[in-house]
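Summary of structural features
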Amino acid sequence: MDFQRTQGLSLRGLSGGLLLVFSWMTLSQQTSLSALARHPHLCRTTREAGGRHYPGFFCPRLSDTREEAYCCHLQAAGGSCCTRAEFEALYRVNLSSLPPPPTLRGPGPLLALGLYSLLLVVLISADLVHFCRGRGRSRSRPAPRSSAARPLQASSVEQLRKEGNELFKCGDYQGALTAYTQALDLGATPQDQAILHRNRAACHLKLEDYDKAETEASKAIEKDGGDVKALYRRSQALEKLGRLDQAVLDLQRCVSLEPKNKVFQEALRNIGGQIQEKVRYMSSTDAKVEQMFQILLDPQEKGTEKKQKASQNLVVLAREDAGAEKIFRSNGVQLLQRLLDTGESDLMLAALRTLVGICSEHQSRTVATLSVLGTRRVVSILGVENQAVSLAACHLLHVMFDALKEGVKKGFRGKEGAIIVDPARELKVLISNLLELLTEVGVSGQGRDNALTLLIKVVPRKSPKDPNNSLALWVIDQGLKKILEVGGSVQDAPGELTVTANSRMSASILLSKLFDDLKCDAERENFHRLCENYIKSWFEGHGLAGKLRAIQTVSCLLQGPCDAGNRALELSGVMESVIALCASEQEEEQLVAVEALIHAAGKAKRASFITANGVSLLKDLYKRSEKDSIRIRALVGLCKLGSAGGTDFSMKQFAEGSTLKLAKQCRKWLCNDQIDAGTRRWAVEGLAYLTFDADVKEEFVEDEAALKALFQLSRSEERSVLFAVASALVNCTNSYDYEEPDPKMVELAKYAKQHVPEQHPKDKPSFVRARVKKLLAAGVVSALACMVKTESPVLTSSCRELLSRVFLALVEEAEDRGTVVAQGGGKALLPLALEGTDVGQTKAAQALAKLTITSNPEMTFPGERVYEVVRPLVSLLHLHCSGLQNFEALMALTNLAGISERLRQKILKEKAVPMIEGYMFEEHEMIRRAATECMCNLAMSKEVQDLFEAEGNDRLKLLVLYSGEDDELLQRAAAGGLAMLTSMRPSLCSRIPQVTTHWLEILQALLLNPNQELQHRGAVVVLNMVEASREIASTLMESEVLEILSVLAKGKESPVTRVAAACLGKAVDYGLIKPNQDGE
């Protein structure tokens, strides 16, 4: 606060003191009767016994009448004015008999009065000068009366300001503000106004009213532009108001006025840092969330690049946990709902993808989102015609399902009120809406497929070990009929549900998974009963249309849970209707019947009629039908029946050459671009069965046009062909499981007259390798990579396993691996190794290991992808994997561990070290060697070094002993690990002599080894030990090591000679040996 004294204050005090002295000299006399008689008009000064003082005065006063011109002392403590009669009666004197009172003309009073008048003139002059300097306008001397009035006014402003200062010091900011306001109302000088305004600004700062603080400080600066305190206070207010650019200008002025003021300098540095932080903040996505929504919701920005960029930024922000939480807390769900309501596909996609980030692995945000948007609203987006929007909605719902089932895995909790304990209700509401969507009219076929895909992913148990299959049972009870209705719908038929070519396959997969999820016979019997009742309800009483739907439903069951399909075939009248409709003149009816017959030919174990009469019936359809769509389906049925012997060369269902003719016709239809993809798919189905025959394989891989057509079809939208393509490629590469029969068992079987499977001569390894090279040249890897990327329920775990088998066959030969990597095989293998059946994941992981062994992992798996390889490779170290898989995994991990510390940390995080240590004790020398090499590279990590340094383990002993093994490769790996550990941890050097008594022999053997690499590693170990301790160095120098080192040091210049010389030099420093006369 300001405690400035006004000019002339000391002069005023002096004048007041002189006036009191004058009064005392003139009035302070003894009160006696004679004195009163001589001065009847004067009331003298008096003092009570208590010390109270009463000043003197002349009568009459302004409050008295003219007659009361005499002083009567006894009527009041300080005297009072009275009339002459009262005075004479009081003092018993007759004033008329006394002489008139004298005039007060003594020299003392006159001198005091003169001095007082002089000082009064000086005071007025000083106030006048102060006034003129403050205003700077008036040069004329003010009137005597106005100048005389100023001291009283200035004194009031000063008093109020002081009072405000005291209140401010005491923390009464509101009281101080009132005092300053009252002082301003008295009309203070401009300088006083500046002071009062800046003091008011200080009060507002304390009261956190920053707008008023800025206003008051600005008023003070208007009065005095050089007021540093006002500038500083305005900068404080502006800083709190977030106007940092203006605040820094005021601080810069403060520093320019007072360059040495450390407070201003520190404040300027702080606000500079805040400005930089604000710039970063404003440029970050956090501050732009609201701006993004404004751009997206602005109708004038329709279709602009700015709008597209805003949507992309919003999606990217939502992928991070912090960004998703900030969008959620910024009323983001409601704003995203507005984007969904626009109906524009681009905005809907942006909203759905942003919601994916918000809901991902976050249960409470997911529940809150469903509460705002509405479950029905979210599910209904699946049914839109736009495929991209429908697929995005499918992804969002999948993320919501996962979040509800798995719960919160990350730190943010979102709206606490939305947190729930049991998500079962929300899950069932979502699934119920999905089931309702399956049979709704107006829903797109793509939307129906996406709904089926979701049900496939979320309903069945993740693992058979999970005992709770209540969700699958609930779906069977509530929605099995709806699923069967989709599976029984005919594509493009009038009055039917809108379905795609993949809808029936998706329904079959869902039914199969539901059936597999059942645990007991009672549950399976209930499933059969519901299916049979549904088929009967359509088969009876609905005419021909009902029979078609019933047969189509049977086909759906045969493709899925075949047990249920077989039982449905045995229902009264079903098989007869299939046979009858095969002869129908209507193509749609004939197609339904033939497809049912085809599926029955492969799955109907108890349908004896198909087994006995299927071939003749299908042959008749193939020869007589004029429609390619019917003929190709009949051909597939024949192919299925003809491949019943599998790879057994001795079991042929047809006459010699018949399968080749069927395959040739299938290839012909496959290469015919005029036929639609749905029909050509059946040709691939036929080849998938016929390629069990090695002759068919050889002709197929020679037909470049057929291979090209096959790969093009695998990239098309006809996703139901994926399994057939994968099956055909598995057959061509012989990547199915095959074990060579034991010769003794073969002889025994022949003796017992049992059938012995025979391998086709063209299935030998040389033929297989040739076929693989032809497939690679035709571009099979690119086709496989496209198939892996497919987001469709058709890409089942079984299909993934087939693809993994093909990849493993393709990378079997080291010279082919470069081609596989160049065509994107490394990237395609990663998802196969992380998802699918156990066998499929193992096959894919083994293929990854082969690629990692023979190529640079950083080029094969660029960027962050190389870290994803670690987990599949570690999975191959488990005991259930074969020795070859263990060995290849160890070799691949060795390569990865030598690349970077981050990769080593990833290997440690996957808990691979204990398994690698276990394989260091393996009997198989190649596995033991690979494990030791891997541990050698991992020894560069601090955590592994700690393991070797820990007390009570034999890890160091094992390396020392392995360094003395006969296996040179194992010896090299162990010696390398030992050299690295002794270099990183010198404390291990003193423990080497303790772990085995043969340590000197082992080191000497390393130094004497003819392999220079082993020599160098042994010399490094010796150097580390010599540098670690003089005692160890003394022991080494007393042994034959000294002589060996001397010989090595004199050899041809090499790393070994340099290390040996360093060892000897250190021994010289210790004083253990002396250099010879030549200084060597």
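Residues numbered from 1 in each chain as written. Predicted model: local features only at pLDDT ≥ 70, side-chain atom pairs only at ≥ 80, totals over all residues. Heavy atoms only, no water.

In the annotation of an unreviewed UniProt entry, the entry for the chain reads Protein unc-45 homolog A, and the organism field reads Equus caballus. UniProt annotates the chain under Subunit (unreviewed entry) with the comment "Interacts with PGR isoforms A and B as well as with NR3C1 in the absence of ligand, and with HSP90AB1. Binding to HSP90AB1 involves 2 UNC45A monomers per HSP90AB1 dimer." (UniProt positions renumbered as here; feature names shortened; annotations may be inferred.)

Turning our attention to the overall build of the chain. Each helix and strand in the chain was counted, giving 58 helices and six strands. Sorting the 1080 residues of the chain into buried and exposed places 49% on the buried side. For the chain, the computed accessible surface area is about 53200 Å², with 52% contributed by carbon and sulfur atoms. (Helix = DSSP H or I, 4+ residues; strand = E, 2+ residues; numbered from the N terminus. Buried < 20%, exposed > 50% of the residue type's maximum accessible area, 1.4 Å probe, protein only. Areas by Shrake-Rupley, 256 points an atom, 1.4 Å probe, with all protein chains shown as cover.)

This brings us to the pattern of salt bridges. Pairs can form between side chains of opposite charge whenever their charged atoms are close. This model, assessed by the stated rule, comprises 43 salt bridges. For K212, the salt bridge is made with D209, and the minimal N-O distance between the two is 3.8 Å. The residue R376 makes a salt bridge to E440 at a minimum N-O spacing of 1.7 Å. In this pair, R376 sits in helix α18 (residues 375–380) while E440 sits in the loop between α20 (424–438) and α21 (445–458), placing the two residues 64 residues apart along the sequence. Residue R376 is classed as partly exposed on the basis of its relative accessible area of 33%. On the basis of relative accessibility, which here comes to 26%, the residue E440 falls in the partly exposed class. Salt bridges sharing common partners tie together K697, E698, D763 and R771. (Salt bridge = Lys/Arg side-chain N within 4 Å of Asp/Glu carboxyl O.)

Okay, the nonpolar core next. Counting residues in hydrophobic clusters, the biggest one holds 256 residues, and the most contacted among them are F527 and L1036. Looking at which element gives the most residues to this core, the answer is helix α19 (residues 387–406), with ten residues. Once you skip the residues sitting within four places of it in the chain, L1036 turns out to touch W999, L1000, L1003, V1022, M1025, V1026, V1041 and L1042. One finds Y180, A183, A188 and C203 within the second-largest nonpolar core, a separate group that totals twelve residues. (Core = buried A, V, L, I, M, F, W, Y, C linked by side-chain atoms within 4.5 Å. Contact = heavy atoms within 4.5 Å.)

What follows deals with the environment of L317. Among the structural elements, L317 can be located in helix α13 (residues 305–318). Separated by 37 residues in the primary sequence, L317 and T354 have C-alpha atoms spaced 8.1 Å apart.

A word on helix α22 (residues 470–487). Of all the bends in α22, the greatest measures close to 70° and is centred on G479. When α22 is considered as a whole, its buried residues turn out to be L471, A472, V475, I476, G479, L480, K482, I483, L484, V486 and G487. Those residues of α22 hidden inside the fold are in contact with α20, α21, α23 (503–516), α24 (521–539) and α25 (543–559). (Bend = angle between axes of the 7 residues up to and from the residue.)

Non-glycine residue E208 carries a positive phi angle of around 60°. With respect to the secondary-structure elements, E208 resides in the loop between α7 (190–206) and α8 (210–223). Positive phi, normally seen in glycine, also occurs at N734, with a value near 50°. Mapped onto the fold, N734 is located in the loop between α35 (722–733) and α36 (743–751).

On the UniProt side, "repeat: TPR" (unreviewed entry) is annotated at positions that read residues 228–261 here. Along residues 228–261 the backbone is 79% helical and 0% strand, and the end-to-end C-alpha distance reaches 11 Å.

With that out of the way, let us pick up the packing of α35 against helix α38 (residues 780–788). What describes two packed helices is the angle between their axes and the distance between those same axes. At a closest axis distance of 12 Å, the pairing of α35 and α38 adopts a crossing angle of 145°. With respect to the hand of their crossing, α35 and α38 are arranged in left-handed fashion. From α35, L722, V725, A726 and L729 reach across to α38, where they touch V780, L784 and M787. In the contact of α35 with α38, the residues fall into seven nonpolar, no polar and no charged. (Axes fitted to C-alpha atoms, helices over the stretch in contact; angles between N-to-C directions. Left-handed = near helix turned anticlockwise from the far one by under 90°. Nonpolar A, V, L, I, M, F, W, Y, C, P; charged D, E, K, R; others polar.)

Together, K405, K457, K462 and K513 line one region of the surface with positive charge. Here K405 lies in helix α19. Accessibility expressed as a relative area gives 34% for K405, which makes it partly exposed. (Patch = residues over 30% accessible without salt bridge, like charges linked within 9 Å, V, L, I, M, F, W, Y side chains within 5 Å. Lys, Arg positive; Asp, Glu negative; His and termini not counted. Charge placed at Lys NZ, Arg CZ, Asp CG, Glu CD.)

The subject of this paragraph is α7. Here α7 is 17 residues long and its end C-alpha atoms lie 24 Å apart, about the 24 Å a rise of 1.5 Å per residue gives. The buried count for α7 comes to 13 of 17 residues, which makes it a mostly enclosed element. Residue E208 follows α7 closely and has a positive phi angle near 60°. (Expected span 1.5 Å × (residues − 1).)

Let us now look at the packing of aromatic side chains. The full count for this structure, using the stated rule, is four aromatic pairs. Directly above the ring of F539 sits K547, whose terminal nitrogen or CZ lies 5.1 Å from the centroid. A cation sits over an aromatic face here: R549 above W538, 4.7 Å from the ring centre. (Phe/Tyr/Trp six-rings, centres within 6.5 Å; stacked < 30°, edge-to-face > 60°. Lys NZ or Arg CZ within 6 Å of the ring centre and 35° of its normal.)

Helix α34 (residues 704–715) packs onto helix α32 (residues 677–690) with a crossing angle of 125° between their chain directions and a minimal axis gap of 11 Å. Taken as axis vectors, α32 and α34 run oblique relative to one another. Crossing handedness for the pair α32 and α34: left-handed. Contacts between α32 and α34 involve A677, R680, R681 and V684 on the former and, on the latter, A709, L710 and L713. (Parallel < 35°, antiparallel > 145°, perpendicular 65-115°, else oblique.)

Attention shifts here to the confidence of the model for the chain. Low pLDDT means the predicted atomic positions in that stretch should not be read closely. Chain-level statistics for the chain give a pLDDT mean of 80 and a share of 81% at 70 or above. Under a pLDDT of 50 for its full length, residues 408–421 has, in the predicted model, 31 contacts with residues more than four places off or in other chains. Every residue in residues 645–651 scores below 50 in pLDDT, and together they form 16 contacts with partners more than four places removed in sequence or on other chains. (pLDDT = per-residue confidence, 0-100.)

Scanning all chains against the criterion turns up two disulfides. Disulfide partner of C59: C81, at an S-S distance of 1.9 Å. Judged by the sign of its S-S torsion, about -85°, the bond between C59 and C81 is left-handed. Taken as a pair, C59 in the loop between β4 (57–58) and β5 (70–72) and C81 in strand β6 (residues 80–82) lie far apart in primary sequence, 22 residues in all. (Disulfide = S-S within 2.5 Å.)

The next thing to look at is the side chain of T842. Topologically, T842 is positioned in helix α42 (residues 838–854). Apart from residues lying up to four places away in sequence, T842 is in contact with L876, C881 and Q885.

Next up on the list: the environment of T498. On the secondary structure map, T498 appears in the loop between α22 and α23. Judged by its relative accessible area of 45%, T498 is partly exposed. For the pair formed by T498 and V441, sequence separation is 57 residues and the distance between their alpha carbons is 7.9 Å. Those residues in contact with T498 that lie beyond four places of it in its chain are V443, S444, G445 and R448.

Tracing the backbone shows V870 in helix α45 (residues 870–875). Note on V870: relative accessible area 0%, which makes it buried. The sequence separation of V870 and A889 amounts to 19 residues, and the corresponding C-alpha distance is 9.5 Å. If near-sequence neighbours (up to four positions away) are discounted, V870 is found in contact with L896, L903, K906, I907 and E910.

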